[in-house]
Amino acid sequence: MSKKTKDGSGRPRQRRDGLVVEQLPQETLVYDLERHKAHCLGVVAAAVWEACDGKRSMAEIAASAGRRAGQTVPLDAVWLSLRRLSRARLLATPVALPAARVGTSRREWLKKAAALGGLSVLSITAPTAAQAATCTTQTTCTGLQNRFCTGAPCCTTGPNPAPPGTICKKVGNQNMCSCAP
Amino acid sequence: MGGASGAVRRFHLLYADARRLVRTTERHEALAVLENHLTQAVAEMAPQRLFIHAGVVGWNGKAIVVPGPSHAGKSTLVAALLAAGATYYSDEYAVLDPRGRVHAFPRPLQLRDAREVAARVEPEELGGRRGLGPLPVGMVAVARYDAGARWRPVRLTPGRTLLELLSNTIVARSQPEAVMAMLRSMVARVPSFKGRRGEAKETAAWLLEAVG
């Protein structure tokens with residue numbers, strides 16, 4: 001069974017650079033300043049993350065995380081957490097799964113995670129100022145007669161996103177509004 | 001400006017510094033763009049205030065904050081809450097101060113009809129009153145409209161609540177550290193719920209009862 005990280009050390013290390021970390025009673029929030037992603041780590045995932053100092057082995061991470069989380073953290077939970085932390089790019093080097101676990105399906109991982117609890121790593125992409133503001137969907141805009149054009153920015157996310165920097169306006173002599181620059 | 005036929009077409013032009021915001025023959029469009037631009041500028045630059053895209057009403061001295069993107073049904077839910085007796089704070093922004101209180105941003109509600117045409121409606125027309133003073137947040141409710149859905153909310157953890165608020169915060173990218181620090185204490189003490197809602201009236205009644 002291989003338990004090596006991709007740098008070959010086998011001892012995962014948490015990433016610290018470019019992150020803002022806030023502690024909540026049962027969760028840890030991490031904001032990635034490079035990717036503009038925010039992550040909410042469950043209690044076990046956070047404890048595993050904190051334990052990844054680049055020196056501890058998997059068994060030592062499990063023991064340390066268990067003390068921090070106040071509950072037993074089995075090796076399966078460590079692997080599940082590392083997999084999720086790695087995907088969220090919160091480890092300095094990605095973690096390679098051991099050969100015995102590579103074939104595990106996503107469904108099986110989810111089952112295990114649900115059984116163990118506290119392993120969630122929920123992520124969102126932080127919106128730009130324009131994305132967080134009021135907007136008109138392109139579908140709505142193009143369905144409006146031209147005397148009702150909103151003049152609001154068109155939504156650049158969701159179904160049928162409009163090109164960035166467009167507003168819902170009358171274009172030429174068209175009867176209906178358009179999302180246009 | 002001269003057209004091909006020689007007829008004069010008059011355009012309304014709006015600039016922000018050297019950047020052209022709009023060039024249109026429709027005056028109301030130019031004014032709408034101006035209003036949107038000014039609102040956005042205030043939301044991005046207001047010192048000591050955090051602007052979250054959300055509907056807000058007051059009830060028994062507490063604020064109910066309904067964060068969500070455009071077209072999630074915030075204004076409709078706010079209208080139903082006003083009809084049930086809540087006071088109006090905003091259908092667009094929850095304006096938070098460093099103490100975690102919400103201030104009013106009481107522009108007229110923008111309610112869309114079946115054709116998706118927005119009409120501006122004063123809260124008094126819906127039987128509501130305007131809130132004046134700031135209120136502590138009593139509840140965060142993420143309630144997205146889904147035709148035919150029944151409101152069966154789940155409780156959100158503080159961390160997930162913070163993510164929901166962050167994903168609707170104007171300065172989430174430009175000031176993430178300040179935003180997270182400002183929201184942290186609030187989400188730790190405020191009950192939060194998330195679900196899909198059908199009729200606004202049913203959800204409004206639930207929210208008012210839950211916030212107490």
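Residue numbers restart at each chain and count upward from 1, following the sequence in its written direction. Lettering for chains starts from A, numbering for ligands starts from 1, and both go in the order in which the items are written. At least 70 in pLDDT is required for a residue's local features to be given in this predicted model, at least 80 for side-chain atom pairs to be given and counted, and no such filter applies to totals for whole chains, interfaces and linings, which use all residues. Only heavy atoms go into the side-chain values, all of them from the structure, while hydrogens and water stay out.

Novice: Please provide a residue-by-residue account of the overall build of chain A, values included.
Specialist: If you tally the helices and strands in chain A, you get 7 helices and 6 strands. Taken from N to C terminus, the helices and strands of chain A fall in the order β-β-β-α-α-α-α-α-β-α-α-β-β. Burial here depends on accessible area, computed with a 1.4 Å probe over protein chains only, as a share of the maximum for the residue type. Under 20% is buried, over 50% is exposed, and the range in between is partly exposed. Counting the 181 residues in chain A, one finds 49% classified as buried. Contacts are residue-level and defined by heavy atoms, with any inter-residue pair within 4.5 Å sufficient. Within chain A, contacts between residues at least 6 apart in sequence are counted, and of these 55% link residues at least 24 apart. When the accessible area of chain A is evaluated, it comes to approximately 8600 Å², of which 51% is carbon and sulfur surface. Put simply, DSSP marks the helices as runs of H or I at least four residues long and the strands as runs of E at least two long, and each gets a number from the N terminus on. Here the open area of atoms and residues is found with the Shrake-Rupley method and a 1.4 Å probe, where only the protein chains shown may cover a residue.

Novice: Which residues make up the pattern of salt bridges, and what are the values?
Specialist: Once their charged atoms are close, side chains differing in charge can pair, the charge on each being opposite to the other. Any Lys or Arg side-chain nitrogen found within 4 Å of a carboxyl oxygen on Asp or Glu counts as a salt bridge. The full count for this structure, using the stated rule, is 17 salt bridges over all chains. With a closest N to O distance of 3.0 Å, K170 of chain A and E26 of chain B form a salt bridge. Residue K170 of chain A is found in the loop between β5 (167-169) and β6 (178-180), and its partner E26 of chain B is found in the loop between β2 (19-24) and α1 (27-45); the two belong to separate chains. With respect to burial, K170 of chain A and E26 of chain B carry one shared label: buried. Of the charged contacts, one joins E92 of chain B and R107 of chain B as a salt bridge, the two residues approaching to 2.9 Å between their closest N and O atoms. Placement of E92 of chain B in the loop between β5 (87-90) and β6 (93-96) and of R107 of chain B in the loop between β7 (101-103) and β8 (109-112) is noted, with a sequence separation of 15 residues between them. Relative accessible area serves as the criterion here: at 17%, R107 of chain B is assigned to the buried category. A single network of salt bridges, built from pairs that share partners, joins R15, D32, E34 and R35 of chain A.

Novice: For the interface of chain B and chain A, give the residues involved together with the corresponding values.
Specialist: Between chain B and chain A, the contact holds 39 residues from the first and 42 residues from the second. Interface area, chain B with chain A, both sides summed: about 3400 Å², of which 63% is carbon and sulfur. Buried area is a sum: the accessible area each of two parts loses on coming together, probed at 1.4 Å, counted once for each and added. The largest per-residue losses of area from chain B upon contact with chain A belong to L163, R173 and M180 of chain B, which jointly make up 21% of the total buried on that side. There are 2 salt bridges connecting chain B and chain A.

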